[in-house]
Each structure stands twice: as structure tokens, then as C-alpha cells.
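# Observations on the three-dimensional arrangement
One-letter residues, chain by chain:
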Amino acid sequence: MVVNASISSFSSFFLVGIPGLEVFHCWLSIPVCLLYVLTLMGNGLIVLVIREESSLHQPMFFFLCMLAFDDIAIASTTAPRMLDIFWLDAHVIGFDVCLAQMYLIHTFSIIESAILVAMAFDRYVAICHPLHYATILTTPLVIRLGLVSVARGAIMVLPCPLLIKRLKYCTQNVIQHAYCEHMAVVKLACTNTYINRSYGIFVALSVIIMDIVLISVSYVKILQAVFRLSSKDARSKALGTCAAHICTILITYLPSLFSFLTHRIGKRVPPSLHIIFATIYLLVPPAVNPLVYGVKTKQIRDQVIILFLKKKENVSKHK
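Keep in mind it's a predicted model, so treat the numbers as computed, not measured. (Residues numbered from 1 in each chain as written. Predicted model: local features only at pLDDT ≥ 70, side-chain atom pairs only at ≥ 80, totals over all residues. Heavy atoms only, no water.)

## Structural notes on the confidence of the model for the protein
The condition that has to hold: Values of pLDDT, ranging from 0 to 100, describe the predictor's confidence in every residue of the model. The criterion used for residue contact is that any of the two residues' heavy atoms lie within 4.5 Å.
Residues at a pLDDT of 70 or more form 91% of the protein, whose mean pLDDT is 85. Here residues 1-9 scores under 50 on pLDDT; set against residues more than four positions off or in separate chains, the count is 22 contacts.

Next comes the structure, spelled out in C-alpha cells:
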């Protein structure tokens with residue numbers, strides 16, 4: 001689908017889906033749908049358990065609740081649109097709707113990165129300064145960290161759609177992607193996109209480098225403290241938790257870094273592989289996070305069991 005138009009009459013984009021794999025869209029919709037359902041169920045359950053159980057009203061679980069809300073938001077801005085393409089062949093998306101989707105995806109991704117930093121800081125304080133945990137991580141501080149995370153994402157991404165609105169699209173409106181992604185949209189412009197590309201690189205590198213450094217420093221300090229523990233069981237438990245968290249962080253950052261580098265230097269990377277990795281970092285972490293942070297956390301695991309037992313008892317009574 002090619003449209004010869006200037007920005008004045010350019011009103012929509014055509015999302016291809018996964019280039020080269022169009023005949024498999026129906027099959028590809030199965031993992032996308034499954035991941036989305038798991039995201040809604042897993043994160044929804046975590047939010048419900050934390051809200052209902054007063055003993056979980058602590059900083060660690062507040063951050064986990066923030067992460068759950070953000071994961072639902074990320075998946076909801078991506079998966080339904082992809083399923084429209086895969087199931088209904090609904091490839092056309094309005095220009096402003098596309099920019100809105102792009103803004104929300106990148107904003108929620110940056111918010112998630114900031115929450116992971118906050119969670120790493122929480123674990124650092126809990127393990128390295130346990131006696132001062134309650135005085136350092138107060139409720140007002142947790143609220144401020146949450147607000148700063150949201151504000152950083154919203155403000156940093158805002159120039160992207162505004163700068164795109166200045167561009168002209170003269171030759172085509174076909175986006176070789178399954179959703180509206182910043183560089184995929186910028187590449188279609190027929191005018192100079194230097195400012196857009198430079199700002200995109202600045203945002204990506206500043207977020208990735210700063211957040212990875214902060215998370216790495218936190219976990220290095222945590223591991224140093226863990227290896228000083230005298231109890232072998234406590235050491236094994238802490239190491240298991242840290243390993244699970246680090247795996248989740250890698251699942252979040254590595255595919256996003258791959259997608260970022262592919263746009264700039266990966267000209268030989270097949271488009272289908274690029275889009276699959278770009279989709280993984282938006283859909284897999286939200287589905288996996290409830291398992292890593294929920295199932296691996298004893299307090300949440302116990303409360304989930306209690307919640308289901310209560311429901312089972314209520315059903316038995318009604319019978």
C-alpha cells in the first residue's frame with residue numbers, strides 16, 4: 001500500500017505486521033494472545049492480593065504493584081493492535097492514533113525501567129541496611145519515586161511525536177512493523193530527520209545507560225552483602241532471588257537494546273527477526289514478571305493460596 005501525499009493529506013499508516021511472515025500471522029497470534037492473557041491475569045492477581053492484604057502494604061510490594069500496572073499498560077497498548085492485524089487484517093491506523101500508540105509504548109517502557117531501578121534500590125536497602133529500611137524507604141519516598149518515574153517517561157518521550165508532526169511523508173505510509181515504533185515512523189519521512197534520530201538516540205542511551213548502571217551498582221552491593229552472610233540457607237535464598245530478578249532485567253533490556261541497534265547499524269538483520277525481538281521486549285517481560293516477582297516472593301505466594309482457598313470454601317458453602 002503506497003500513498004503519494006504530503007503531510008496535509010496524509011492521514012493514516014499501514015502496519016505490515018511481521019514482514020516476510022504474513023502467511024503465519026494467524027499462528028503468530030497464538031503466542032501474542034497467550035502472553036497478553038497471562039499478563040492481564042498474572043499482574044491483575046498481584047494487584048488484587050497486594051490491595052486486599054494489609055501486611056503487604058510495604059515499599060517492596062508497592063513497587064511491585066506499580067510494575068504490575070505498568071506491565072498491563074505496555075501490553076494493552078501493543079497486543080490488541082497486533083491481534084487486529086493478525087486476526088482481522090486491520091492494517092490501517094490513523095496518523096494521530098499511531099503517534100499516540102508510539103508515545104504510550106515508549107513512555108510506559110521508560111517508566112518500567114525506572115521502576116526496576118527503584119526495586120533494585122529497595123532490595124539494596126533491605127539487604128545492605130536492614131535496620132534503617134523503614135526510615136529510608138518511607139511511604140512519601142515511595143510515592144515520590146513513582147511520580148518521578150512517570151514524569152521522566154512522559155516528559156522525555158513527549159518531543160518525539162511533536163517532532164514527527166513537523167515531518168513530511170511524500171512517498172509511502174507503509175510501516176514495516178507490527179506497531180507504531182518511533183524509528184519505524186521516522187524512517188518513512190521524506191524530509192531531514194536528523195533531529196528526530198538524534199533525540200531518539202539521546203533518550204534511548206540516557207535511559208538504558210543510566211538505569212543499567214544504577215541497577216548494576218545495586219546488585220553488586222547486594223551480592224557483596226549476600227556473600228558475607230554466615231547462614232548458607234540465607235545465602236542460597238538471597239542468591240536465588242537475585243538471580244531471578246537479574247534474569248527478568250536481562251529479558252527486559254537485551255531485546256530492547258537489540259531493536260535499538262538494529263535500527264541504526266543492523267542493516268543485514270532480517271526484518272522479521274527484528275520485529276520479533278521488538279515484540280518480545282514488550283510482551284514477554286509483562287507476562288514473566290508476575291512469575292518472577294510474585295511466585296518467587298513467599299508473602300505473595302502464600303496470600304494467593306489463601307485467596308484461592310477462601311474462594312473454594314465459599315463455593316463449597318453455596319453448594
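## Regarding the UniProt feature "transmembrane region" (unreviewed entry) in the protein
Put simply, the test is: UniProt positions are given in the numbering used here, feature names are shortened, and annotations may be inferred rather than shown by experiment. A helix here means a DSSP run of H or I that spans at least four residues, while a strand means a run of E at least two residues long, and both kinds are numbered starting from the N terminus.
Listed under "transmembrane region" (unreviewed entry) in the UniProt record, and renumbered for this structure, are residues 27-49, 61-83, 103-121, 141-164, 199-220, 241-261 and 273-293. Helix makes up 96% of residues 141-164 and strand 0%, with an end-to-end C-alpha separation of 36 Å. The span residues 199-220 carries 100% helix and 0% strand; its end-to-end C-alpha distance comes to 31 Å.

## Thoughts on the packing of helix H1 (residues 25-52) against helix H10 (residues 271-295)
Worth spelling out the cut-off: In this analysis, axes come from line fits to C-alpha atoms, helices being fitted only over the stretch in contact, and the angle between any two N-to-C directions falls in the range 0 to 180 degrees. By convention, the crossing between two helices is left-handed when the near helix turns anticlockwise from the far helix through less than a right angle, and right-handed when the turn is clockwise. Under the convention adopted here, Pro, Cys and the residues Ala, Val, Leu, Ile, Met, Phe, Trp and Tyr are nonpolar, Asp, Glu, Lys and Arg are charged, and Gly plus all remaining residues are polar.
One can describe the packing of H1 onto H10 by two numbers: an axis separation of 8 Å at closest approach and a directional angle of 40°. In the crossing of H1 with H10, the sense of the turn from one axis to the other is left-handed. When H1 is examined against H10, the residues Val32, Leu35, Leu38, Thr39, Gly42, Asn43 and Ile46 are found in contact with a partner set consisting of Leu283, Val284, Pro286, Ala287, Pro290 and Gly294. A class-by-class count of the residues in the contact of H1 with H10 yields nine nonpolar, four polar and no charged.

## Describing the sheet that holds strand S3 (residues 174-175)
Our working definition: Any two strands with at least two DSSP-identified bridges between them are counted as paired.
The strand order S2-S1-S3 describes an open sheet built from three strands, whose pairing is mixed. Here the strands that pair on one side only, and so sit at the sheet edges, are strand S2 (92-94) and S3. The pairing of strand S1 (residues 12-15) with S2 spans three bridges and is classified as antiparallel. Counterpart to Phe13 in the pairing with S2 is Ile93. Helix-sheet contacts for helix H3 (residues 95-128) involve S1, S2 and S3, and the interaxial angle to S2 is about 85°.

## Observations regarding a nonpolar patch on the surface
Selection rule: Like-charged residues are merged into a patch within 9 Å and nonpolar side chains (Val, Leu, Ile, Met, Phe, Trp, Tyr) within 5 Å, provided each residue has over 30% relative accessible area and no salt bridge. Only the protein chains shown count as cover for residues, and the accessible areas themselves come from Shrake-Rupley with a 1.4 Å probe. Any carboxyl oxygen of Asp or Glu that lies within 4 Å of a side-chain nitrogen of Lys or Arg is treated as forming a salt bridge with it.
Taken together, the side chains of Ile201, Leu205, Ile209, Val213 and Val217 present a nonpolar region at the surface, about 380 Å² in accessible area. With respect to the helices, strands and loops of the structure, Ile201 is situated in helix H8 (residues 194-227).

## Describing the packing of H3 against H10
Stated formally: The labels follow the angle: roughly parallel below 35 degrees, roughly antiparallel above 145, roughly perpendicular from 65 to 115, and oblique for the rest.
The N-to-C vectors of H3 and H10 enclose an angle of 30°; their axes lie 12 Å apart at closest approach. As judged from the angle between their axes, H3 and H10 are roughly parallel. Seen along the crossing, H3 lies across H10 with a hand that is left-handed. In this structure, H3 contributes Ile105, Ser109, Glu112, Leu116 and Met119 to the contact, and H10 contributes Tyr281, Leu282, Pro285, Asn289 and Tyr293. Partitioning the contact of H3 with H10 into residue classes produces seven nonpolar, two polar and one charged.

## Considerations on the side chain of Thr39
Where we set the bar: Residue burial is assigned from relative accessible area. The probe radius is 1.4 Å, only protein chains are included, and a residue is buried under 20% of its type maximum, exposed over 50%, and partly exposed in between. Contacts described as polar in this section are N or O atom pairs within 3.5 Å, which, within protein, must combine one atom able to donate a hydrogen with one able to accept it, while residues neighboring in sequence count only if both atoms come from side chains.
Relative to the elements of secondary structure, Thr39 occurs in helix H1. The exposure class of Thr39 is buried, given its relative accessible area of 0%. At 3.4 Å, the side chain of Thr39 forms a polar contact with the backbone nitrogen of Ala287. In this structure Thr39 touches Gly44, Asp71, Ile72, Ala75, Leu283, Pro286 and Ala287, once residues within four positions along its chain are discounted.

## As for helix H2 (residues 59-88)
Condition: A helix is expected to span 1.5 Å multiplied by its residue count minus one.
Its 30 residues give H2 an end-to-end C-alpha distance of 43 Å, which sits within 8% of 44 Å, the value for a rise of 1.5 Å per residue. In terms of residue burial, H2 counts as a mostly covered element, since 21 of its 30 residues are buried. One or two residues past the end of H2 sits Asp89, with phi positive at roughly 55°.

## Focus: the state of the cysteines
Selection rule: Put simply, a disulfide is two cysteine sulfurs that come within 2.5 Å.
Applying the stated rule across the entire model yields two disulfides. Between Cys98 and Cys180 runs a disulfide, and the two sulfur atoms are separated by 2.0 Å. Looking along the S-S bond of the Cys98-Cys180 disulfide, the torsion reads about -120°, which is the left-handed sense. Residue Cys98 is located in helix H3, and its partner Cys180 is located in the loop between S3 and helix H7 (182-186); the two are separated by 82 residues in the primary sequence. Accessibility classification places Cys98 together with Cys180 in one group, the buried group. With no disulfide of its own, Cys26 lies closest to Cys33 among cysteine sulfurs, the gap being 11 Å.

## Regarding the nonpolar core
Quick reminder of the rule: For this analysis, a nonpolar core means a set of buried residues of the types Ala, Val, Leu, Ile, Met, Phe, Trp, Tyr and Cys, connected via side-chain atoms within 4.5 Å.
With 73 residues, the main nonpolar core has Phe13, Tyr169 and Ile175 as its most contacted residues. Per-element tally for this core: the top contributor is H2, with 15 residues. Grouped together as the second largest cluster of nonpolar side chains are five residues, Ile110, Met156, Val157 and Val207 included.

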